[in-house]
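Given next are the chains, with one letter for each unit.
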Amino acid sequence: MSLYDDAVLVLKGYEDQEELRQDYLDHLAAHPDGMWKACHAGHVTASALVVDPEQGRALLTLHRKLRMWLQMGGHCEPGDATLAAAALREATEESGIPGLTLLDGGPVRLDRHPIPAPCHWHFDVQYVAVAPQGAIHAISDESLDVRWFAYDEVADGSVVRLLEAARTRL
């Protein structure tokens, strides 16, 4: 199964945000290359909010380009077999934490947001990754900083909505 086919199956099985979910499916139907950064009409991305439920905290990255505290995530790559694998790869690379595990049940949220030209949209499929006990994070080349935030310290609106969905799933 291709990554494109996996994305379609994941989105068809996602039961929330019906209108937005349909927008994602319509985008992929219109753009067979819609999984890749080269698709200038927009492309699917995969992200994961890394959480430590025992400590009640989330690990965020200070994004190098956007200068905002966000969840880990980014573009799908040809070696990604599934959207979940892409989200887990991104979370592991950007957090430096081995042994992350995605919560069962697939993505917890969708978030479509505009990006600068030449592309126009990120169709982000958002998962939750649980950090192993005693996890030590590292700063990747894509980040200015990485740090834990108590759940009530998370301030960015899109990350707050993702955290709410994560806590509901937890």
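Going by the structure above, here's the rest.
About the thresholds
- Residues numbered from 1 in each chain as written.
- Predicted model: local features only at pLDDT ≥ 70, side-chain atom pairs only at ≥ 80, totals over all residues.
- Heavy atoms only, no water.
- Helix = DSSP H or I, 4+ residues; strand = E, 2+ residues; numbered from the N terminus.
- Buried < 20%, exposed > 50% of the residue type's maximum accessible area, 1.4 Å probe, protein only.
- Contact = heavy atoms within 4.5 Å.
- Salt bridge = Lys/Arg side-chain N within 4 Å of Asp/Glu carboxyl O.
- Phe/Tyr/Trp six-rings, centres within 6.5 Å; stacked < 30°, edge-to-face > 60°.
- Lys NZ or Arg CZ within 6 Å of the ring centre and 35° of its normal.
- Expected span 1.5 Å × (residues − 1).
- Arc of directions from axis to C-beta.

Undergrad: I keep staring at the environment of V128 and nothing clicks. Help me out?
TA: Among the secondary structure elements, V128 is positioned in strand 7 (residues 121-130). Assessed through its relative accessible area of 1%, V128 is described here as buried. Spatially, the C-alpha atoms of V128 and V160 are 13 Å apart, while their sequence positions differ by 32 residues. Leaving out residues up to four positions away in the same chain, V128 has contacts with L49, V51, T101, L102, L103, V108 and A166.

Undergrad: I'm lost on the pattern of salt bridges in this one. Help?
TA: If you walk through the whole model with that rule in mind, you get 7 salt bridges. E18 is the partner of R21 in a salt bridge, and the nearest nitrogen-oxygen pair spans 2.8 Å. In this pair, R21 and E18 are both assigned in helix 2 (residues 18-30), 3 residues apart and thus about one turn of the helix distant. Relative accessible area serves as the criterion here: at 10%, R21 is assigned to the buried category. Residue class for E18 comes out partly exposed when judged on its relative accessible area of 46%. Among the salt bridges present, the one from R89 reaches E90, with a minimum N-O distance of 3.0 Å. R89 sits in the buried class, given a relative accessible area of 16%. Residues joined in a network through salt bridges with shared partners are E77, D80, R89, E90 and E93.

Undergrad: How do you make sense of the packing of aromatic side chains when you look at a structure like this?
TA: Aromatic ring pairs are reported here in terms of the distance separating the ring centres and the angle at which the planes meet. Taken as a whole, this structure holds 2 aromatic pairs when the rule is applied. For the ring pair Y24 and F123, a centre distance of 5.1 Å and an interplane angle of 90 degrees mean the geometry is edge-to-face. On the criterion of sequence distance, the pair formed by Y24 in helix 2 and F123 in strand 7 is long-range, its members being 99 residues apart. Here the two residues Y24 and F123 agree in accessibility, since each one is buried. Centroid distance W69 to F149: 4.9 Å. Interplanar angle 70 degrees. Geometry classified as edge-to-face. Note that W69 is positioned in strand 3 (residues 69-70) and F149 in strand 8 (residues 143-150), a separation of 80 residues in sequence. Overall, W69 belongs to the partly exposed group, its relative accessible area being 24%. A relative accessible area of 6% places F149 in the buried class. If you follow R147 out to its NZ or CZ, it ends over the ring of W69, 5.6 Å from the centre. We note R147 situated over the ring of F149; from NZ or CZ to the ring centre the distance is 3.7 Å.

Undergrad: Quick question: what am I supposed to make of helix 2 here?
TA: Spacing of three or four residues puts side chains on the same side of an α-helix, whose turn is 3.6 residues. If you check helix 2, its first and last C-alpha atoms are 18 Å apart, about what 13 residues at 1.5 Å a residue would give, namely 18 Å. For helix 2, every residue scored as buried is listed here: L20, R21, Y24, L25, H27 and L28. Buried residues in helix 2, looked at end-on, bunch into an arc of 155 degrees, giving them a common side. Exposed positions of helix 2 whose direction lies more than 90 degrees from the buried face are E19, A29 and A30. Packing partners of the buried residues in helix 2 comprise helix 1 (3-13), strand 1 (43-52), strand 6 (109-114) and strand 7.

Undergrad: How do you make sense of unusual backbone geometry when you look at a structure like this?
TA: Glycine aside, a negative phi is what most residues show, and trans is what most peptide bonds show. Along the chain, A117 connects to P118 via a cis peptide bond; the corresponding omega equals 15 degrees. Looking at the secondary structure, you find P118 in the loop between strand 6 and strand 7. The backbone of Q17 sits at a positive phi, close to 50 degrees, despite the residue not being glycine. The residue Q17 is located in the loop between helix 1 and helix 2 in this model. Even without a glycine there, the phi angle at R67 is positive, about 55 degrees. Tracing the sequence through the fold places R67 in the loop between strand 2 (57-63) and strand 3.

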